[in-house]
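Now for the letters of each chain:
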Amino acid sequence: MERYDIGIIGSGPAGLSAAINAAIRNKRVIIFGNSDLSSKLVKAPRINNYLGFKEISGVELKENFLSHINSLGLEIVNERINNVYAMGDYFALMVNEKMYEAETVIVATGIEYTKPFKGEEQFVGKGVGYCATCDAPLYKGKTVIVIGYNKEAEDEANYVSELAGKLYYIPMYKDELNVNSSIEVVWDKPLEIIGVDSAEKLVLENREIETDGIFVLRDSISPGQLVPGLKIEEGHIAVDRLMKTNIEGCYAAGDCVGKPYQYIKAAGEGLIAALSATAYIDIKNRKNLK
Ligand SMILES: Cc1cc2nc3c(=O)[nH]c(=O)nc-3n(C[C@H](O)[C@H](O)[C@H](O)COP(=O)(O)OP(=O)(O)OC[C@H]3O[C@@H](n4cnc5c(N)ncnc54)[C@H](O)[C@@H]3O)c2cc1C
């Protein structure tokens, strides 16, 4: 299996800035994210504070980012990393059962603005999950609810519906849906998850649904779940000025490490994370040569 120098999780300004700076330093990079780069980029109508690009729209800035990374031969792998495991000498980046290997990791997953539902945190691992395809086998023949925040969640819902007895899909966005005909789509606002030992019911604004499991598929999962053992402080990944986390070889940049939530700050931190990862790899390689 090919082992990359740097696995970058996230295709927003932090992740892409890390990628170009690592590529310029001849590092083998793999970027995980999506073809739109970042919903926070394409949704911005007008950006006034990105140096050199006065009054640019988010979509235009996205096109500029894309042409920059393409000019360096970089491509984005359109996959969502579920877990990152520190294996001692390298990191295993998991997409369901598929594994990628990298010497170092840069977490640039952005921040989730939406708050957990009432009761959600209480039932995590007890009927509430964040990776539908990972946990689907637990729900064979059972009733499952998938709350999806983006189109990618539809694929996960379709997959789970093949195993589950009944699947309800609750889209948290307005778009045409591409879900299996067996899925019951519910256009309503989830309010609370209730149960005794595990999640039993989802309370929505206009109805309640009894269930065995609920998957909440937001744009990003919390970094503590993504990388077990990662130190989190006040909801953000704890880093030093070199963007080092508490795990050797693991760096983080952008909104996921703290405020202000701004493009240029994210891009600047991506640069620092790439330089730190590069220095770490170079030192490790020199030691191995001795
Ligand atoms: C509507 C709007 C307007 C804004 N306007 C401005 C502005 O004018 N000026 C300004 O400076 N800032 C603005 N911001 C803030 C700015 O968008 C963020 O600060 C910036 O996008 C942060 O960049 P990032 O790379 O850290 O994260 P993001 O841009 O959030 O990118 C993270 C990426 O990682 C991906 N990802 C997450 N988890 C995974 C995973 N497990 N596997 C694979 N990929 C994953 C996400 O899908 C996303 O593509 C605005 C934000 C919004 C929402």
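Everything discussed here concerns the structure shown above.
Structure report, in brief. (Residues numbered from 1 in each chain as written. Predicted model: local features only at pLDDT ≥ 70, side-chain atom pairs only at ≥ 80, totals over all residues. Heavy atoms only, no water.)

This part covers the packing of aromatic side chains. Here the structure, examined in full by the defined rule, presents 4 aromatic pairs. A centroid spacing of 4.9 Å and a plane angle of 70° characterise the contact between Phe32 and Tyr100, whose relative ring orientation is edge-to-face. Of this pair, Phe32 sits in strand S2 (residues 29-32) while Tyr100 sits in strand S6 (residues 98-107); the two residues are 68 residues apart in sequence, bridging distant segments of the chain. Like Tyr100, Phe32 is buried. Arranged with centres 6.0 Å apart and planes meeting at 55°, the rings of Tyr50 and Phe53 form a pair that is tilted. You can call Tyr50 buried: its relative accessible area is 14%. An aromatic cluster of at least three residues, connected via ring pairs, comprises Tyr50, Phe53 and Phe65. (Phe/Tyr/Trp six-rings, centres within 6.5 Å; stacked < 30°, edge-to-face > 60°. Helix = DSSP H or I, 4+ residues; strand = E, 2+ residues; numbered from the N terminus. Buried < 20%, exposed > 50% of the residue type's maximum accessible area, 1.4 Å probe, protein only.)

Right, let's get into the site of the ligand. For the ligand, the set of nearby residues contains 31 residues, the closest of which are Leu37, Ser38, Ile81, Asp255 and Tyr263. Within the backbone of Tyr261, a nitrogen or oxygen atom sits 3.3 Å from an oxygen atom of the ligand. For the ligand, whose free accessible area comes to 1,000 Å², the fraction covered by protein is 87%. For the shell around the ligand, the elements supplying multiple residues, two or more each, are helix H1 (13-24) and helix H7 (263-289). (Near = heavy atom within 4 Å. Polar contact = N/O pair within 3.5 Å; in protein donor to acceptor, adjacent residues only side chain to side chain. Areas by Shrake-Rupley, 256 points an atom, 1.4 Å probe, with all protein chains shown as cover.)

The antiparallel open sheet is built from 3 strands, whose spatial order is S11-S12-S13. Of all strands in the sheet, those with a lone pairing partner are strand S11 (190-195) and strand S13 (208-210), marking the two edges. For this sheet, the mean inter-axis angle between neighbouring strands, taken without regard to orientation, is 20°. (Pairing = 2+ DSSP bridges. Axes fitted to C-alpha atoms, helices over the stretch in contact; angles between N-to-C directions.)

Our focus in this paragraph is the sheet that holds strand S9 (residues 166-171). Read from one edge to the other, the open sheet built from 5 strands follows the order S7-S14-S8-S9-S10, with strand pairing classed as parallel. Edge positions in the sheet fall to strand S7 (128-129) and strand S10 (184-185), since each has one partner strand and no second. As judged from the 5 bridges shared by strand S8 (residues 143-148) and strand S14 (residues 213-217), these two strands associate in the parallel manner. Bridge assignment links Ile147 to a residue of S14, and that residue is Val216.

Position of Lys265 among the secondary structure elements: in helix H7. Looking at Lys265, its side chain comes within polar contact range of the main-chain oxygen of Gly254, at 3.2 Å.

This brings us to helix H3 (residues 58-71). The terminal C-alpha atoms of H3, which comprises 14 residues, lie 20 Å apart, in line with the 20 Å expected from a rise of 1.5 Å per residue. Of all the residues in H3, the buried ones are Gly58, Leu61, Lys62, Phe65, Leu66 and Ile69. Taken down its axis, H3 places every buried residue within 140° of arc, on the same side. Lining the buried residues of H3 we find H1, helix H2 (39-42) and strand S3 (76-77). Looking one or two places after H3, you find Gly73, whose phi comes out positive at around 75°. (Expected span 1.5 Å × (residues − 1). Arc of directions from axis to C-beta. Contact = heavy atoms within 4.5 Å.)

Right, let's talk about helix H5 (residues 152-161) for a bit. Among the 10 residues that make up H5, 7 are buried, leaving the element largely enclosed by the rest of the structure. Turning to H5, the residues buried within the fold contact helix H4 (132-135), S8, S9 and S14.

Attention now goes to the state of the cysteines. Think of a disulfide as a covalent bridge from one cysteine sulfur atom to another cysteine sulfur atom. Applying the stated criterion to the full structure yields 0 disulfides. A disulfide-free cysteine, Cys250 has its sulfur positioned 9.4 Å from the sulfur of Cys256, the nearest such atom. (Disulfide = S-S within 2.5 Å.)

Looking now at the packing of H1 against H7. Packing of H1 against H7 leaves a shortest axis separation of 7 Å and a crossing angle of 40°. With respect to H7, the axis of H1 lies oblique. Our pair here, H1 against H7, has a crossing hand that is right-handed. Residue-level inspection shows Pro13, Ala14, Ser17, Ala18, Asn21 and Ala22 of H1 in contact with H7, the latter providing Tyr263, Ala266, Ala267, Gly270, Leu271, Ala274 and Thr278. Classifying every residue of the contact of H1 with H7 by side-chain character gives 9 nonpolar, 4 polar and no charged. (Parallel < 35°, antiparallel > 145°, perpendicular 65-115°, else oblique. Left-handed = near helix turned anticlockwise from the far one by under 90°. Nonpolar A, V, L, I, M, F, W, Y, C, P; charged D, E, K, R; others polar.)

Geometric values such as these leave the question of function open.
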